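What the coordinates show
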Amino acid sequence: DYYAVIMAGGIGSRFWPVSTSDFPKQFHDMLGTGQTLLQKTFGRLNKIIPSKNILVLTNERYLQLTLKQLPQIAEEQVILEPAMRNTAPCILLSALKIKKQNPNALMLVAPSDHWIEDETAFLEDVQICFDACQRKDYLMTLGIKPTFPNTGYGYIEAEKKESSVIKKVKQFREKPDYETAKQFLAAGNFMWNAGIFLWSVKSISDAFEENNPVMHALFSEGIPAYNTSEEKEFIAENYGKAENVSIDYAIMEKADNVYVKKASFDWNDLGTWGALHDKMDKDSQENAVVRAVPHLKEAHRNMVYTASKKLVVVDGIDDYIIVDKEDVLLIYPKEKEQDIKSLLADVKENF
Ligand code: GDD
Ligand code: MG
């Protein structure tokens, strides 16, 4: 049986002022399509995975947001994290939880904040990976052709000699420094890790047992039956004791049964306003507009976002992020988009 877990516990601070810790980006309709990123992720997965087998992992403070946005799921399908511990603990916990219910289950792990337009191609790739994981003890990930030395991604080097669709991974390197990323790009046989993982619950549980026995022991010993109140208590009590580490560092860099399928769909990690601008349809002057009614004169390559429908008049401004929300107006150069994260702390202190 197929299962999916959607990770929706991040904060998305570079999308401030829209994304906040009370209301992170995955719960917003960032693309102006009428659906939030979480709803889009769910809808995509639900085409191949029954809704009762889709779990959402998030912080306990986002329970109501999650249930409201996904009326298709029951409250038991939301795993509530009492603390932020990055992705390894929530992935292991959900794998063990599913395994308890169904030892032969296959599981997909998806972030909740990605832009994927070609759903058909995505689902075909998922099917190919699931088929491989059904037969073999593979930890699978989807690889994206890199276009610049981005230091915010994981890099995957595939074995050169392999000509098959699914390639063995020679090395997985999470967030290399800039020089290393440049070398990887020049080498030609590296891909970006899309952050979408597929495996059997048995394979990932075994990988934790081997590479992080402490975390494995913490969760595997005594995990109660699926979707019971005992299970809920177990999670509330033990989750915070887990090491704060991502799946990439904890498992993907260490395991020797990692395999990659090159993604056949166009992908973007919607991490910044600039990334959103890249992926959106644009006007003849390369401005991207979400919800606003634009009146843009001498204005080029701007990202204009309003929380509700509103006339926005811009003249003489290029390459800016212009975000209007009830309580905040942000006008910020696109080239400094990475600074929004630190800006936020500064603003909070002085506001
Ligand atoms: N439930 C839960 N709990 N989800 C979390 C937590 C947590 O404590 N921390 C992060 N997440 C969610 C985020 O909301 C996001 O959807 C996903 O897990 C990945 O976390 P990020 O923090 O966005 O990771 P990253 O972007 O730095 O790196 C990962 O993704 C890249 C591609 O987008 C890595 O897998 C990289 O290797 C990869 O290239
Ligand atoms: Mg990310």
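Residues numbered from 1 in each chain as written. Chains lettered and ligands numbered in written order. Predicted model: local features only at pLDDT ≥ 70, side-chain atom pairs only at ≥ 80, totals over all residues. Heavy atoms only, no water.

**Observations regarding the site of ligand 1**
Which entries qualify depends on this criterion: Any residue with a heavy atom lying within 4 Å of a molecule or strand is counted as near it. Within 3.5 Å is the distance limit for a polar contact, defined as a pair of N or O atoms, with the added protein rule that one can donate a hydrogen and the other accept it, and that residues adjacent in sequence qualify only through two side-chain atoms. Here the open area of atoms and residues is found with the Shrake-Rupley method and a 1.4 Å probe, where only the protein chains shown may cover a residue. Helical segments are the DSSP runs of H or I of at least four residues, strand segments are the runs of E of at least two, and each set is numbered from the N terminus. Note that Gly is not counted as nonpolar here; it falls among the polar residues with everything else outside the nonpolar set of Ala, Val, Leu, Ile, Met, Phe, Trp, Tyr, Cys and Pro and the charged set of Asp, Glu, Lys and Arg.
Taken together, 26 residues surround ligand 1, and among them Glu 81, Glu 174, Lys 175, Asn 193 and Asp 248 come closest. Interatomic distance of 2.9 Å between a backbone N/O atom of Gly 154 and an oxygen atom of ligand 1. Within the backbone of Asn 193, a nitrogen or oxygen atom sits 2.6 Å from an oxygen atom of ligand 1. Look at ligand 1: alone it shows 730 Å² of surface, and the protein chains cover 86% of it. For the shell around ligand 1, the elements supplying multiple residues, two or more each, are strand S2 (54–59), helix H3 (87–101), strand S9 (190–200) and strand S11 (267–269). Sorting elements by how many residues they give to the shell around ligand 1 places S9 first, with three residues. Tallied by class, the residues present in the shell around ligand 1 amount to nine nonpolar, 10 polar and seven charged.

**Here's the deal with the domain arrangement of the protein**
In many analyses, interface size is given as the accessible surface area lost on bringing the parts together. Heads up, the rule is: What marks off one domain from the next here is an automatic or database domain assignment. Here, residues are in contact when the closest pair of their heavy atoms is within 4.5 Å. A 1.4 Å probe defines the accessible area here, and the buried area is the portion of it lost by two parts on being joined, summed over both. What makes a salt bridge here is a side-chain nitrogen of Lys or Arg within 4 Å of a carboxyl oxygen of Asp or Glu, nothing more.
In terms of domain boundaries, the protein breaks down into domain 1 (2–269) and domain 2 (273–350). Here the C-alpha centroids of domain 1 and domain 2 sit 30 Å apart. With 17 residues of domain 1 at the interface, the matching set in domain 2 holds 19 residues. Summed over both sides, the interface of domain 1 with domain 2 buries roughly 1700 Å², with 66% coming from carbon and sulfur. Per-residue buried area on domain 1 facing domain 2 is highest for Arg 14, Trp 16 and Pro 17; these three make up 40% of the total on that side. Run the count over domain 1 and domain 2 and you get two salt bridges. With a shortest N-O distance of 3.6 Å, Asp 266 and Lys 279 are connected by a salt bridge.

**A short note on unusual backbone geometry**
Here the residue pair Trp 16 and Pro 17 is connected by a cis peptide bond, since its omega of 5 degrees sits within 30 degrees of zero. Relative to the helices and strands, Pro 17 resides in the loop between strand S1 (2–7) and helix H1 (37–46). Its identity is not glycine, yet Arg 291 carries a phi of approximately 70 degrees, on the positive side. Positionally, Arg 291 belongs in the loop between strand S12 (288–290) and strand S13 (293–296).

**Things to note about the packing of helix H6 (residues 201–211) against helix H7 (residues 213–220)**
Let me state the cut-off plainly: Axis definition: a line fitted to C-alpha atoms, over the contacting stretch in the case of helices. Angles run 0 to 180 degrees between N-to-C directions. Small angles under 35 degrees read as roughly parallel and large ones over 145 as roughly antiparallel, with 65 to 115 read as roughly perpendicular and the rest as oblique.
Between H6 and H7, whose axes approach to 5 Å, the crossing angle comes to 125 degrees. Between H6 and H7, the angle falls in the class oblique. Counted together, Ser 205, Phe 208, Glu 209, Glu 210 and Asn 211 of H6 and Pro 213, Met 215 and His 216 of H7 form the full contact between these two elements. Per-class residue counts for the contact of H6 with H7 are three nonpolar, three polar and two charged.

**Thoughts on the sheet that holds strand S19 (residues 329–333)**
Put simply, the test is: Pairing between two strands is assigned when DSSP locates at least 2 bridges connecting them.
One open sheet accounts for four strands, arranged S12-S15-S18-S19; its pairing is mixed. At either margin of the open sheet sits one strand with a lone partner, and together these are S12 and S19. Here the strands of the sheet are splayed against their neighbours by 5 degrees on average, with no regard to which way each runs.

**A short note on a nonpolar patch on the surface**
Cut-off, in case you're wondering: Every patch collects residues that have over 30% relative accessible area and no salt bridge, joining them within 9 Å if they carry like charges and within 5 Å if they are nonpolar side chains (Val, Leu, Ile, Met, Phe, Trp, Tyr).
Where nonpolar side chains cluster on the molecular surface, the patch consists of Val 293, Leu 311 and Val 313 and spans about 270 Å² of accessible area. Relative to the assigned elements, Val 293 resides in strand S13.

**Some points on the packing of aromatic side chains**
Short version of the rule: Here a Phe, Tyr or Trp ring, Trp counted by its six-membered ring, pairs with any other such ring whose centre lies within 6.5 Å, and the pair is stacked when the planes are under 30 degrees apart, edge-to-face when over 60, and tilted otherwise. Buried residues are those whose accessible area, probed at 1.4 Å on protein chains only, stays under 20% of the maximum for their type, while exposed residues exceed 50% and partly exposed ones sit between those limits. Here, a charge over a ring means that NZ of Lys or CZ of Arg falls within 6 Å of the ring centre while also lying within 35 degrees of the ring normal.
A complete count under the given rule lists 13 aromatic pairs for this structure. Ring geometry for Phe 197 and Trp 199: centres 5.4 Å apart, planes at 5 degrees, overall stacked. Across this residue pair, the class does not change: Phe 197 and Trp 199 are buried. Taken together, the ring pairs connect Phe 148, Tyr 153, Trp 192 and Trp 267 into an aromatic cluster. One Lys or Arg, Arg 44, reaches over the ring of Phe 122 and ends 5.7 Å from the middle of that ring. We note Lys 97 situated over the ring of Tyr 226; from NZ or CZ to the ring centre the distance is 4.8 Å.

**Here we look at the packing of H3 against H6**
What counts is decided by this rule: Here a crossing is called left-handed whenever its near helix is offset anticlockwise from the far helix by less than a right angle, and right-handed whenever the offset is clockwise.
For the pair H3 and H6, interaxial distance at closest approach is 9 Å and the crossing angle is 130 degrees. Looking at the two axes, H3 sits oblique to H6. You can see that H3 and H6 cross each other, and the crossing is left-handed. Contacts between H3 and H6 pair Ala 88, Leu 92, Ala 95, Leu 96, Ile 98 and Lys 99 from the former with Val 201, Lys 202, Ile 204, Ser 205 and Phe 208 from the latter. Split into classes, the residues belonging to the contact of H3 with H6 amount to eight nonpolar, one polar and two charged.

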